[in-house]
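Summary of structural features
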Amino acid sequence: MTQKWNAKTLTNKELFYGHKACGGCGESLAVRLAMKVLGEKAFAALPAGCMSAVSFIYPNMAFTTNAIITPFASTGAVASGMAAGLKALGIEDTYVVGFAGDGGTADIGIQALSGAIDRNDNIVYICNDNEAYMNTGIQKSGLTPYGSKTTTTPAGQNLPGSITMKKNMFEIVAAHDIAYAATASVGYLEDFMNKVQKAKETKGTSYIHVFAPCPTGWGHETHITIDLAKQAVDCGLWYLAEYENGAFKLNRNPKEFASVEDYLKVQSRFKHLTSQDVALIIDERDKKWAKMRRDWTE
Amino acid sequence: MDRPKVKKWQEPASIDAYPLGATCDSDHLVSINAGWRTFKPVIDHDKCVMCLRCFLVCPDGVIDKSGPQLEIDYDYCKGCGVCAHECKLKCITMVKEEK
Ligand SMILES: Cc1ncc(C[n+]2csc(CCOP(=O)(O)OP(=O)(O)O)c2C)c(N)n1
Ligand code: SF4
Ligand code: SF4
Ligand code: SF4
Ligand SMILES: [Mg+2]
């Protein structure tokens, strides 16, 4: 039977420790827990982005396992190469994991990821989605949501912040007919860890898209990170789903959504939004959910 | 407590003494993060029921669960307050650090 993960079953041993991420950083929690699930025989590839910048600060090194920084565009390609290298060396029972940001995944790294999935290389790819290029100071990415203020999508009289919606990265990955893909949130940690376990057991490429709040880039208080990640799912602006054996499955289908306003108002990146902007966000949410509920199983 | 410890680091005397290539040892911490904190989490062990929620949610992994009661590695706790906010029984208090 597949191992089920929770705080009790999880090892006490830390494999990602002493990093320099901001207090309350959602991405660092995702990396910490994924590493615990994958175990000491995991080899990690991280492109430019917050998670590499906060852990590889020579001679300070937060991973207790093998890990490498890749060129920004190349997480998928480097992870593929690592998997091939381990195979050639006959090193068995190892796992290769890539941890890339939303920019590193949905924009600059999308080609290398697509190639890895196409070859069905035996890697776990985790996209840490904090909805902007945070490490370089909050620029808009393809996964920045509508209305979010970033340095490249300022909010003012003419623009409400970002005018584009989030790129549909989970479905883009699934369209490759990937072996396993899932969305997750650091607000639902058991769900996330069990998906990492599934990815670990998958022969071939697996992809997990984890929603991870960033107090520095989103302008929220550090103690509410997990709460906010849960609220995003509960209000329907994020969703928990899987793609397996060619079919989509919705893991969580709330009967009633929690308040979108409550989610938005505690983040300074959305502070400027008008009631029309919020109505547009809710409308887009409803369209997305109508489609998911129609086409996906529960 | 079973948490990685800060190591003594001697700056190499000359460039030749640096290891060849862009590599470094894993599990190699040369500085602590305690100075980042304004508030520090303090657990009321009489109230704590060891549900381990705080251990799970700490982004820095500084709450150790190996002993009979939880132990916080204050060398690496950043004082973010996530643990206190997530504890349902409210047994973690954020206390102002004294200089
Ligand atoms: C080829 C290249 N272009 C740009 C950069 C600069 N850069 C480094 S990190 C980063 C932002 C990364 O954003 P994301 O992938 O979302 O990860 P995050 O920092 O948000 O975790 C950028 C633009 C780079 N290192 N290499
Ligand atoms: S900027 Fe955001 S993602 Fe980067 S380390 Fe800080 S909290 Fe984490
Ligand atoms: S969350 Fe609270 S009750 Fe649970 S282990 Fe931590 S301090 Fe104890
Ligand atoms: S304050 Fe933050 S870093 Fe410190 S123990 Fe609590 S969750 Fe961990
Ligand atoms: Mg990002």
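Just above, that's the structure.
Summary of the structure given here. (Residues numbered from 1 in each chain as written. Chains lettered and ligands numbered in written order. Predicted model: local features only at pLDDT ≥ 70, side-chain atom pairs only at ≥ 80, totals over all residues. Heavy atoms only, no water.)

Overview of the overall build of chain A
Operational definition: Helix and strand assignments come from DSSP, with helices taken as H or I runs of at least 4 residues and strands as E runs of at least 2, each series counted from the N terminus. The atom set for the radius of gyration is the C-alpha atoms, and the globule formula is 2.2 Å times the number of residues raised to the power 0.38. For each residue, the accessible area found with a 1.4 Å probe, counting protein chains only, is set against the maximum for its type, and the residue is called buried under 20%, exposed over 50%, and partly exposed in between. Only heavy atoms enter the contact rule, under which two residues are in contact if any of them lie within 4.5 Å.
Assigned secondary structure in chain A consists of 11 helices and 10 strands. Its C-alpha atoms give chain A a radius of gyration of 18 Å, near enough to 19 Å, the size a compact globule of 298 residues would have. When the backbone C-alpha atoms are referred to their principal axes, chain A occupies close to 60 × 45 × 40 Å. Put simply, chain A has 298 residues, and 57% of those count as buried. Put simply, of all contacts in chain A between residues at least 6 apart along the chain, 70% involve residues at least 24 apart.

Concerning the interface of chain B and chain A
Stated precisely, the cut-off is as follows: We define buried area as the total accessible area lost by two parts upon association, computed with a 1.4 Å probe and summed across both. Criterion for a salt bridge: a side-chain nitrogen of Lys or Arg within 4 Å of a carboxyl oxygen of Asp or Glu. For this analysis, a polar contact is any N or O atom pair within 3.5 Å, provided that within protein one partner can donate a hydrogen and the other can accept it, and provided that sequence-adjacent residues contribute only side-chain to side-chain pairs. The nonpolar class holds Ala, Val, Leu, Ile, Met, Phe, Trp, Tyr, Cys and Pro. Asp, Glu, Lys and Arg form the charged class, and all remaining residues, Gly among them, are polar.
Facing 42 residues of chain B, the contacting portion of chain A comprises 37 residues. The contact between chain B and chain A buries some 3,100 Å² in all, and 56% of this surface belongs to carbon and sulfur atoms. Across the chain B-chain A interface, the total number found is 1 salt bridge. Among the ionic pairs, Arg 3 of chain B bridges to Glu 14 of chain A, the shortest N-O distance being 3.2 Å. Applying the counting criterion to the chain B and chain A interface returns 27 residue pairs in polar contact (both at pLDDT 80 or more). Sorting the residues of the side of chain B that touches chain A by element identifies helix H1 (53–57), strand S2 (63–64) and helix H2 (82–86) of chain B as the ones contributing at least two each. For the side of chain B that touches chain A, the per-class residue count stands at 22 nonpolar, 9 polar and 11 charged.

A look at the pattern of salt bridges
Residue and element names in this part refer to chain A. With the rule as written, the count across this model stands at 26 salt bridges over all chains. Among the ionic pairs, Glu 40 bridges to Lys 13, the shortest N-O distance being 3.8 Å. Separated by 27 residues along the polypeptide, Glu 40 in the loop between helix H1 (26–38) and strand S1 (42–46) and Lys 13 in the segment before H1 bring together distant segments of the chain. For Asp 191, the salt bridge goes to Lys 195, with nearest N and O atoms at 2.9 Å. You can see Asp 191 and its partner Lys 195 sitting in helix H7 (residues 189–201), 4 residues apart, about one turn around the helix.

Description of the site of ligand 4
Keep this limit in mind: One heavy atom suffices: a residue is near a molecule or strand as soon as one of its heavy atoms comes within 4 Å of it.
Among the 13 residues in the neighbourhood of ligand 4, the closest are listed as Cys 58, Cys 77, Cys 80, Gly 81 and Cys 83 of chain B. Counted by class, the shell around ligand 4 contains 9 nonpolar, 2 polar and 2 charged residues.

What to know about the packing of aromatic side chains
Residue and element names in this part refer to chain A. The following threshold applies: Only centres within 6.5 Å qualify two rings of Phe, Tyr or Trp (six-membered ring in Trp) as a pair; their planes then separate them into stacked at under 30 degrees, edge-to-face at over 60, and tilted for everything else.
Tallied over the entire structure, the rule returns 16 aromatic pairs over all chains. With a centroid separation of 5.2 Å and an interplanar angle of 65°, the aromatic rings of Phe 257 and Trp 289 are classed as edge-to-face. In this pair, Phe 257 is assigned in the loop between strand S10 (247–250) and helix H10 (260–265) and Trp 289 in helix H11 (residues 275–295), connecting sequence segments 32 residues apart. Accessibility expressed as a relative area gives 22% for Phe 257, which makes it partly exposed. Here a set of aromatic residues connected by ring pairs shows up, and it is made of Phe 170, Phe 211, Trp 218, Trp 238, Tyr 239, Tyr 243, Phe 248 and Trp 296.

A word on the coordination of the magnesium ion (ligand 5)
All names here are of chain A. Filter applied, for reference: The donor set covers N, O and S atoms within 2.8 Å of the metal, switching to 3.2 Å for Na, K and Ca, and it leaves out water, so a site may look short of donors.
For the magnesium ion (ligand 5), the full set of protein donor atoms is Asp 102 (OD), Asn 130 (OD1) and Ala 132 (O), and the range of their distances to it is 2.0 to 2.1 Å. All donors of the magnesium ion (ligand 5) come from a single chain, and their spacing in sequence reads D-x27-N-x1-A. Here the residue Asp 102 occupies a position in helix H4 (residues 102–107), and Ala 132 occupies one in the loop between strand S6 (124–129) and helix H6 (169–174), the gap between them amounting to 30 residues. In this structure, Asp 102 and Ala 132 share a single accessibility class: buried.

Quick look at the pairing of strand S8 (residues 206–211) of chain A
All names here are of chain A. Put simply, the test is: Any two strands between which DSSP finds at least two bridges are classified as paired. By definition, the crossover connecting two strands over a helix is right-handed if that path, from the first strand to the second, turns clockwise as seen with the strands pointing away from the viewer.
In terms of residue burial, S8 counts as a mostly covered element, since 6 of its 6 residues are buried. Strand direction decides the pairing type here: S6 and S8, joined by 6 bridges, are parallel. Pairing of Asp 129 across the sheet is with Phe 211, part of S8. By the bridge criterion, 6 bridges tie strand S7 (residues 180–185) to S8 in an arrangement that is parallel. For Tyr 180, the partnering residue across the bridge sits in S8 and is Ser 206. Each parallel crossover has a hand, and the one from S7 via H7 to S8 is right-handed.

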